[in-house]
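Each chain, letter by letter, is given below.
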Amino acid sequence: YAAAKAAVVSLSETLRIEMMMAGAPIGVSVLCPGSTVSNVMESERGRPADRGVEQRSPEAEGMRVFIKESFTGPDGLPAETVAARTLDAVRAGSFWILSHPSERATVENRFNEILASFPPPAS
């Protein structure tokens, strides 16, 4: 899952540059949502009846519940709120769409670590 998310960001960054280089009137945005209340962890709702009831180990069920609760957590936003913020950002031509201000510290820490990893300039 994490690898797929990173691939989407990279693909979006590349597509954005390619569209700008081509002078195409096509904007590119990448949504990086935080906790969003949804039914994504209720995949059994679409399970064909002939497949029976999904059987999960206690560990798998515990992980499903943990992930589901993280979506609603203290910063969980309704999907409608994230969608409205997304539409506003796309209309404004924003590339990065970050739905949750509470995620800022995590992003800053990551980029500070990256920047600190550069070797000093050659003298």
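In case you missed it, the structure is sitting above this.
Residues numbered from 1 in each chain as written. Predicted model: local features only at pLDDT ≥ 70, side-chain atom pairs only at ≥ 80, totals over all residues. Heavy atoms only, no water.

**Observations regarding the side chain of Arg64**
And then number 1: Here Arg64 is to be found in helix α2 (residues 58–72).
And then number 2: When residues no more than four places from it in sequence are discounted, the contact partners of Arg64 are Met41, Glu42 and Arg56. (Helix = DSSP H or I, 4+ residues; strand = E, 2+ residues; numbered from the N terminus. Contact = heavy atoms within 4.5 Å.)

**Observations concerning the nonpolar core**
Inside soluble globular proteins, nonpolar side chains tend to come together where they are buried.
And then number 1: In this structure, Val9, Met19, Val28, Val30 and Phe95 together form the largest nonpolar core, which totals five residues.
And then number 2: Those residues in contact with Val28 that lie beyond four places of it in its chain are Ser12, Leu15, Arg16, Met19, Ser94 and Phe95. (Core = buried A, V, L, I, M, F, W, Y, C linked by side-chain atoms within 4.5 Å. Buried < 20%, exposed > 50% of the residue type's maximum accessible area, 1.4 Å probe, protein only.)

**Things to note about the environment of Arg16**
And then number 1: Within the element layout of this structure, Arg16 appears in helix α1 (residues 2–21).
And then number 2: As a C-alpha pair, Arg16 and Ala92 span 76 residues in sequence and 15 Å in three-dimensional space.
And then number 3: Ignoring sequence-local partners within four residues, the contact set of Arg16 consists of Val28 and Phe95.

**Comments concerning the side chain of Ser12**
And then number 1: Among the structural elements, Ser12 can be located in helix α1.
And then number 2: Those residues in contact with Ser12 that sit more than four places away from it in its chain are Val28, Ser29, Val30 and Phe95.

**Quick look at the packing of aromatic side chains**
And then number 1: A full pass over the atoms with the stated rule returns one aromatic pair.
And then number 2: Centre to centre, the rings of Phe95 and Trp96 are 5.2 Å apart; their planes meet at 85°, and the pair counts as edge-to-face.
And then number 3: Overall, the relative accessible area of 40% leaves Trp96 in the partly exposed class. (Phe/Tyr/Trp six-rings, centres within 6.5 Å; stacked < 30°, edge-to-face > 60°.)

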